[in-house]
Amino acid sequence: MANSKFEYVKQFEQTDNLLPNTWVVVRIDGRGFTKFATKYGFEKPNDKRALELMNAAARAVMAELPDITIAYGVSDEYSFVFHKTCSLFERRASKLVSTIVSTFTAYYVHLWSIHFPDTPLSPPLPSFDGRAVCYPTVQNLRDYMSWRQVDCHINNLYNTTFWALIQLGGIDPTEAEKTLKGTYAADKNEIMFSKFAINYNNEPEMYKKGSVVFRDYELVEPGTHNATIEADSLAEPVQQSKTQAENDKKRRAKAPIVVQHLDIIKDDFWDRRPWLLSNKP
Ligand code: DGT
Ligand code: MG
Ligand code: MG
Ligand code: MG
Ligand code: MG
């Protein structure tokens, strides 16, 4: 475009490129979903339809953005992880966050009627906020993922007990809150089991563990790959041949995107899927 006297305004734009060679996590969260859940009569504490809609939207986001390595969702939030070598949008935070937020929201609305066939959406429509955080090491990234899954566990254990006391025990929320004040995990398990014959272990995995979305390649037998990963992390940055990089990209694009409800805190999940955190994009 030709220069105009107005063009100087461009200089007011600030750069927001994220630190290179770090794992980028974009976490989105539903805006005012406490109210939204009430409006659409979400079941308490977990609404299967609502959670599956979140998962479907996250899957669609991953399909559109092959740079995303893995995603983890619980409640009204989803965390999307970009590989540390990712150079999408020159790693500009605002572009990464706004693209994820708008793609996710668009799919959430688009897929709504599949999950809530009898309840049409009406304004105020669902919206999501988003933020990007850089994690310099695989350990930091795994600790981030563990943090979200522990949060899922703690909240779900509390909420499941809380709503059992109300829905099955017939007490009001204030009383239920009092009953649970100062209790440990074992106490909550005991309350559910002795009062309502609920074995928390038998609750649906999606509620207990949240949802992990990733590209599924062949699983690796535990204990056979560690040497490769270690050698890999020493060689930095990895220089791949162009054809090798292209082939990997094609393979990644073809891999099915799966949604599973697994423990991502222990090593096993990552050990068996070394491609997730490998140095190779
Ligand atoms: P925010 O994020 O600051 O705009 O406010 P909220 O209201 O979205 O609060 P947040 O994100 O801390 O908590 C998520 C809310 O969404 C929480 O009140 C429970 C609700 N929610 C999420 N999933 C479900 C569900 O499956 N069933 C029900 N009943 N509520 C849910
Ligand atoms: Mg919030
Ligand atoms: Mg929220
Ligand atoms: Mg939330
Ligand atoms: Mg444009």
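What counts, and at which threshold
Residues numbered from 1 in each chain as written. Chains lettered and ligands numbered in written order. Predicted model: local features only at pLDDT ≥ 70, side-chain atom pairs only at ≥ 80, totals over all residues. Heavy atoms only, no water. Core = buried A, V, L, I, M, F, W, Y, C linked by side-chain atoms within 4.5 Å. Buried < 20%, exposed > 50% of the residue type's maximum accessible area, 1.4 Å probe, protein only. Helix = DSSP H or I, 4+ residues; strand = E, 2+ residues; numbered from the N terminus. Contact = heavy atoms within 4.5 Å. Salt bridge = Lys/Arg side-chain N within 4 Å of Asp/Glu carboxyl O. pLDDT = per-residue confidence, 0-100. Polar contact = N/O pair within 3.5 Å; in protein donor to acceptor, adjacent residues only side chain to side chain. Near = heavy atom within 4 Å. Areas by Shrake-Rupley, 256 points an atom, 1.4 Å probe, with all protein chains shown as cover. Nonpolar A, V, L, I, M, F, W, Y, C, P; charged D, E, K, R; others polar.

**Q** Now, about the nonpolar core: what can you tell me, with residues and values included?
**A** Core analysis: the largest hydrophobic core is formed by 37 residues, its most contacted members being F80, F104 and Y108. Elements supplying a minimum of two residues to this core: β1 (23-30), α1 (33-39), α2 (48-64), β2 (68-74), β3 (77-82) and α3 (93-115). For this core, the leading source of residues is α3, giving nine residues. Setting aside residues no more than four positions away along its own chain, Y108 makes contact with F33, F36, F42, L53, M54, A57, P126 and F128.

**Q** Describe the pattern of salt bridges, listing the residues and the values that go with them.
**A** Side-chain pairs of opposite charge can arise where the charged atoms are in close proximity. Under the criterion given, the structure shown has nine salt bridges. R49 is the salt-bridge partner of D47, the closest N and O atoms lying 2.6 Å from each other. The exposure class assigned to R49 is partly exposed, which follows from its relative accessible area of 30%. Between K266 and D263 there is a salt bridge, with its nearest N and O atoms 3.2 Å apart. In this structure D263 comes out as partly exposed when scored by relative accessible area, which is 25%. Connected through salt bridges with shared partners, the residues E77, R148 and D151 form a single ionic network.

**Q** Explain the confidence of the model for the protein chain residue by residue, including any values.
**A** Close inspection of predicted coordinates is inappropriate in any region flagged by low pLDDT. Per-residue confidence for the protein chain averages 92 on the pLDDT scale, and 91% of its residues sit at or above 70. Across the protein chain, β1 holds the top mean pLDDT of 99, while helix α8 (residues 226-234) sits lowest at 42. Low confidence marks residues 226-236, where pLDDT is under 50. Its contacts with residues over four positions away, or in another chain, come to nine contacts. Model confidence for the complex: the whole-complex pTM is 0.92, and ipTM, which rates the interface, is 0.97.

**Q** Outline the environment of H83, listing residues and values.
**A** Topologically, H83 is positioned in the loop between β3 and α3. Using a relative accessible area of 5% as the deciding quantity, one classes H83 as buried. A distance of 2.7 Å separates a polar side-chain atom of H83 from the backbone oxygen of S278.

**Q** Which residues make up the site of ligand 1, and what are the values?
**A** Inspection of the region around ligand 1 gives 15 residues, with D29, G32, F33, T34 and D47 positioned closest. In the environment of ligand 1, an oxygen atom lies 2.7 Å from a nitrogen or oxygen atom belonging to the side chain of D29. With respect to ligand 1, the side chain of D76 contributes an N or O atom lying 2.9 Å from an oxygen atom. When ligand 1 sits alone it has 630 Å² of accessible area, and the protein chains cover 65% of it. Elements supplying a minimum of two residues to the shell around ligand 1: β1 and α1. Looking at the shell around ligand 1 element by element, the count peaks at three residues for α1. Of the residues that constitute the shell around ligand 1, the class distribution is four nonpolar, five polar and six charged.

**Q** Run through the environment of A253, naming residues and quoting values.
**A** Positionally, A253 belongs in helix α9 (residues 242-254). Given a relative accessible area of 63%, A253 falls into the exposed group. In sequence terms A253 and R215 are 38 residues apart; their C-alpha atoms lie 8.7 Å from each other.

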